[in-house]
Amino acid sequence: MVEFTRRSLLATSTVAAIGSGTIGSVAASDRPEEHETPAAPFVNGRLKRFLTTARGAEVTGPFVFETGELVFSVQHPSRDNPAPFDRAGIGVFEGFQFELDGSNSDFEELEPPQTEAERGRVQSAGGDFTYLAQEGEEINGGSERWGHPQTPDGTDVADLVGESYESVGYNPDMNFFVATDDAGTEGYLFTNNETTPGCITRTPLSRDESGSWTADLDGAMELENTPAFREIGGTKINCYGDLSPWGTPLSAEEDYGHPRVNGLATVGDIVAAESGVGLRGGSEFFNRPNLTEVPASLEDIFGDDAWNPMGIWANSGVEKLAYYLGADPIDRSDGENTATPIDGPFPNRYRYGKIVEVTNPASDEPVPVKHHVFGRAAWECPEVMPDERTVYLSSDGGAKGIYKFVAEEPIPSYDDRADVRGTLYAMQATEDGEGAVGEIDLDVEWLELGTASNGEIESWIADYDDVTQVDYLETHAETDWEEDLEGALREADEAVAIEGNQDYVTDEEIVEWAGQYDERGPDDVDESLRRVPFLETRAAAKEIGATVEFNKAEGIDAVDDAGPGDYVYFGISSLGGYMTDERGDLRFDEVDTGVLYRAELGPEYDVDRLEPVVVGPNPSDPGSLQDVSLINVDNVYALDDGRLLLCEDKGSFGRSYPNDAMWVYEPPATVDAGSLAVGHGATGELAVTVSSLPDGLSGGRVTVTVEHPSVARITDASYADAFELTSEPVIGGEGATVAFRFADIDEMIDPGAGETTLATIEFEGVETGTTDVTVDVNAFDDDAGRAIEPGRRPGVVIVGPPPIGDDPGGIGAPTDPDGDGLFEDVNGNGRLDYDDVVTLFEHLEDDAVQLNEDAFDFNENGRIDYDDVTALYDEL
């Protein structure tokens, strides 16, 4: 089967229209029938427990090497665990490799830990867990410690101030490996640490011939301690991330402190009320000296009307961030903060809550780039699609949004990342269905927020670079803080609570932007207001009606080569809070252990619907089967074979063991119509396949349809050898359809098999063009006689152009020798050679070439030009 990865080769008419299938089987026969109770878990597919981590730890940062071994982070384990599992770190499972054939048959399910000894360590269904690096270990020739940021003079920030720094390096998350050899056995592992200042550690790894991975700690380095990172303001609370299609790590800043309004309130509500009392979020107090005292100050000022500003706790490290940037530490009381303001290098709040790309990742000093165009939020992770333009983003915490960015050109094509330009969107979701959570899809629309480049937004952010803690007092209080610091603080806190922080984007600017947006559209707002959706993303999205109600939207991932018809997955760790109340867009039944959604990718890598595929239990329901259920899905990692690693975050919820687990999700069966590139007047074969058959296949009836038989028609068909009992394929509609009926009476298809070929179809190329191929499953049964309702993935047949030129010398029409949808054999002699380059050059202006962009656009720039001749020559 040929898989085209170029979007231009995909016929779009039916890709978006084909359904994604219905609910399939669950993972264990003793589970309740799907949707038997709103609280009971259900799985569209199969789940198997692969590992349990040490007690107290989350399962974070999964990554599978090209060799099939798994690395992950042991994040904040209990200090009462036996050594070495009382310390955080990263480790690998040696002696086990995922087979990557789409089936969970490569391991036996791990039993839950039964004893205290088992609960205190990492256990897995395959391989032995070995730490590669742990918190605080000396690295970089002894000049740094693993997971520890430093001040510019080399002082460990952990030694400066605050009890909160006793556990630096205790929260490792993201792990992505950048290979430096073809085998994928040498390179650098990039690990995030969730702290302020943020940490990204680069650790050299290598694998020896025996299969053992080794970390070179002496060659490891803390990237945040390099001048390049300080120049961008450093980072804050680095959580999960992604590895871009072009091979660079993307680190997500989970800046919970970014909200400027509480809950579902909007800035418009504050302006209408002429006061932010009870509504103001934690971000507005960002440059307040010792802002951890804000809740107490608000209670003292407003009494019964006081409130806890949303996200205020996550800004408690701003003083440490200032020292990291080079500010002189001020006097402390017993090592704790005082209210004395820092008047020196101070972090700019608009530089955090970003996706940070580590460019030149294997160089001596990698260069960080903050993608301001992606917006500002508490990012858990991004997911960059194979088109290198579309990025999906999830913001963690309560009352948060889901976003999408689409670049105008592929991101790596920009010579300077400052020039990356595109449009930011916020999701608006509507429930479609009634009943249990597993029965309700979400219809999705994307609301355009604005269009800009990284460079433009950087210039807007720079306007706030000189704001310090002194400004908080001098802008908002008439009292001289140097004479009466306590009085000035009280006065400033009251002013900011009511009127907002005047040192940053104001309430009035946001409301004015929203008004112009409604009247003129996002592209015609005043130039001075274009900054609003990029600097105050959450507030702007709320103001125009986006769904900013998601509770702990965490993991997003898809297979690396995902295309239209494939799925991207979204994890909601805890479906509760504002998703389950009587306000806003979402009013679900609560499933506080979480839901995994999938969304089918459309022709332009867009998604318009979220479908639940895994629903967790509720602790209040004793029938929820918690011991065999996924709880609080966090990181989501797609294996190359389409399976998912699903990681848990803080999930006991009454089950028999307190440990978080990693589950391997095997999606339900999918019948793939296949794809084919065929020459004009020639024939070619297309394979119809099915993936994931955990209970085998006893037989079924399938019909395949080609939408435009005038482009390509079916001329013959046959079954796979596995089927002993078949009915002769019936070709109808003058080559438009073919119907199959088959049975596996000898059980030749093994349960748990990965991709299985059902049939082969011969097509004849009739006219130049492209046509969709769809599959209709009339009946499908497993070995036990239970119905399987698989998803259906459409395919495409592309027919190449007729012979090129007036005198082709008896040679036939162009062909596609390597099956990638491009017709490199321009002269039709059956191979790629220099004469093809000459033929293309001599006939580049002919209609036969210019009108067949899909066939001859070898440089993939969307048109036929002389660089296509060069690109074809480069393939020789």
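Along every chain, residues carry numbers that run from 1 in the direction the sequence is written. For a predicted model such as this one, the threshold for reporting local features is a pLDDT of at least 70, and the threshold for listing and counting side-chain atom pairs is 80 or more; totals across whole chains, interfaces and linings nevertheless cover every residue. Each side-chain value is worked out from all heavy atoms of the structure, with water and hydrogens disregarded.

A word on the overall build of the protein chain. Within the protein chain one finds 15 helices and 41 strands. A compact globule built from 876 residues would reach a C-alpha radius of gyration of about 29 Å, and the protein chain, at 29 Å, matches this within 12%. Considered along the principal axes of its C-alpha atoms, the protein chain spans approximately 95 × 65 × 55 Å. Once local pairs closer than 6 in sequence are excluded, the contacts in the protein chain between residues at least 24 apart make up 66%. As displayed, the protein chain offers around 31,400 Å² of accessible surface, 42% of which is attributable to carbon and sulfur atoms. For the charge count, each Lys or Arg is scored as positive and each Asp or Glu as negative, with His and the chain ends excluded. Charge positions come from single atoms, namely NZ of Lys, CZ of Arg, CG of Asp or CD of Glu. For the protein chain, the distance from the average site of its 53 positive side-chain charges to the average site of its 182 negative ones is 5 Å. Per the convention used, a helix needs a DSSP run of H or I reaching at least four residues, while a strand needs a run of E reaching at least two, with both numbered from the N terminus. Every radius of gyration here is taken over C-alpha atoms, with the globule rule written as 2.2 Å times N^0.38, N being the number of residues. For this analysis, residues touch if any pair of their heavy atoms sits within 4.5 Å. In these tables, accessible area is a Shrake-Rupley quantity obtained with a 1.4 Å probe, and a residue counts as shielded only by the protein chains included in the view.

Let us now look at the sheet that holds strand S18 (residues 367-370). Two strands pair if DSSP finds at least two bridges between them. Spatially, S15-S16-S17-S18 is the arrangement adopted by the four strands of the open sheet, whose pairing is antiparallel. Edge strands, defined here as strands with exactly one partner in the open sheet, are strand S15 (238-243) and S18. The mean inter-strand angle of the sheet, taken between neighbouring strand axes irrespective of direction, is 30°. Note that S15 and strand S16 (residues 249-253) share four bridges and pair antiparallel. Following the sheet pairing, Gly241 is matched in S16 by Ser251. To get an axis, a line is fitted to the C-alpha atoms, and for a helix only the part in contact is used. The angle between two axes follows their N-to-C directions and goes from 0 to 180 degrees.

All right, on to the pattern of salt bridges then. Side chains bearing opposite charge may pair, as long as their charged atoms lie close to each other. A pair is scored as a salt bridge if a Lys or Arg side-chain nitrogen falls within 4 Å of a carboxyl oxygen belonging to Asp or Glu. Applying the stated criterion to the full structure yields 45 salt bridges. Lys236 is paired through a salt bridge with Asp255; the nearest N and O atoms lie 2.6 Å apart. Residue Lys236 is found in the loop between helix H2 (227-231) and S15, and its partner Asp255 is found in the loop between S16 and helix H3 (267-273); the two are separated by 19 residues along the sequence. In this structure Lys236 comes out as buried when scored by relative accessible area, which is 0%. As a salt-bridge pair, Arg351 and Asp465 come within 3.0 Å of each other at their nearest N and O atoms. Of this pair, Arg351 sits in the loop between helix H5 (318-325) and strand S17 (355-359) while Asp465 sits in the loop between helix H6 (454-462) and helix H7 (469-476); the two residues are 114 residues apart in sequence, bridging distant segments of the chain. Through salt bridges with shared partners, a single network forms among Arg260, Arg280, Glu284, Arg349, Arg376, Asp507 and Glu536. Residue burial is assigned from relative accessible area. The probe radius is 1.4 Å, only protein chains are included, and a residue is buried under 20% of its type maximum, exposed over 50%, and partly exposed in between.

Attention shifts here to the nonpolar core. Among buried residues, the Ala, Val, Leu, Ile, Met, Phe, Trp, Tyr and Cys ones that are joined through side-chain atoms within 4.5 Å form a nonpolar core. Grouped together as the largest cluster of nonpolar side chains are 108 residues, with contacts concentrated most on Phe98, Phe550, Tyr597 and Tyr665. Formed by 55 residues, the second largest nonpolar core is a distinct cluster that contains Ala327, Ala407, Trp460 and Ala514.

The geometry of an aromatic ring pair is captured by the separation of the ring centres together with the interplanar angle, meaning the angle of the planes. Aromatic rings from Phe, Tyr and Trp, with only the six-membered ring used for Trp, were paired whenever their centres fell within 6.5 Å, and each pair was classed as stacked if the ring planes differed by under 30 degrees, edge-to-face if by over 60, and tilted otherwise. Enumeration according to the criterion identifies 39 aromatic pairs in this entry. Consider the rings of Trp379 and Tyr403, whose centres lie 5.6 Å apart with planes at 90°: the pair is edge-to-face. Of the two residues, Trp379 is situated in strand S19 (residues 379-384) and Tyr403 in strand S21 (residues 402-407); the sequence distance between them amounts to 24 residues. As far as burial versus exposure is concerned, Trp379 and Tyr403 are alike and both buried. Seen in terms of ring centroids, Phe723 and Phe742 are 4.6 Å apart; in terms of plane orientation they differ by 45°. Their pairing is tilted.

What follows is about a nonpolar patch on the surface. On the surface, Tyr834, Tyr873 and Leu876 cluster together to form a nonpolar patch covering roughly 350 Å² of accessible area. Looking at where Tyr834 falls in the secondary structure, it is placed in helix H12 (residues 834-842). Patch membership requires over 30% relative accessible area and the absence of a salt bridge. Like charges are linked within 9 Å, and nonpolar side chains (Val, Leu, Ile, Met, Phe, Trp, Tyr) within 5 Å.

Relative to the assigned elements, Ser103 resides in the loop between strand S5 (89-94) and helix H1 (116-119). For Ser103, a relative accessible area of 1% gives the class buried. The sequence separation of Ser103 and Pro729 amounts to 626 residues, and the corresponding C-alpha distance is 29 Å. Polar contacts involving the side chain of Ser103 include one to the side chain of Ser105, which spans 2.9 Å. Nitrogen and oxygen atoms within 3.5 Å of one another constitute a polar contact, given that in protein one can donate a hydrogen and the other can accept it, and given that sequence-neighbouring residues count only through two side-chain atoms.

Here the amide bond leading from Ala83 into Pro84 is cis, since omega sits at 5°, within 30 degrees of zero. Mapped onto the elements of the fold, Pro84 is located in the loop between strand S4 (70-75) and S5. Between Thr196 and the following residue, Pro197, the backbone shows a cis peptide bond with an omega angle of -5°. Along the chain, the position of Pro197 falls in the loop between strand S11 (186-193) and strand S12 (199-207). The backbone phi angle of Leu100 is positive, close to 55°, even though this residue is not glycine. With respect to the element layout, Leu100 can be found in the loop between S5 and H1. Not every positive phi belongs to a glycine, and Glu860 is a case in point at roughly 55°. By secondary structure assignment, the location of Glu860 is in the loop between helix H14 (853-856) and helix H15 (866-874).

So, about a negative patch on the surface. Taken together, Asp343, Glu474, Asp480, Glu482, Glu483, Asp484 and Glu486 make up a surface patch of like negative charges. Within the secondary structure, Glu486 is located in helix H8 (residues 485-499). The exposure class of Glu486 is exposed, given its relative accessible area of 68%.

Each turn of an α-helix holds 3.6 residues, which means side chains three or four residues apart point in the same direction. Taken across its eight residues, H5 has seven buried, putting it largely inside the fold. Taken together, the buried positions of H5 are occupied by Val318, Glu319, Lys320, Leu321, Ala322, Tyr323 and Tyr324. Buried positions along H5 lie against H2 and H7. Once H5 finishes, Gly326 follows within two positions and takes phi at roughly 120°, a positive value.

Fair warning: the whole summary comes from geometry, so function is off the table for now.
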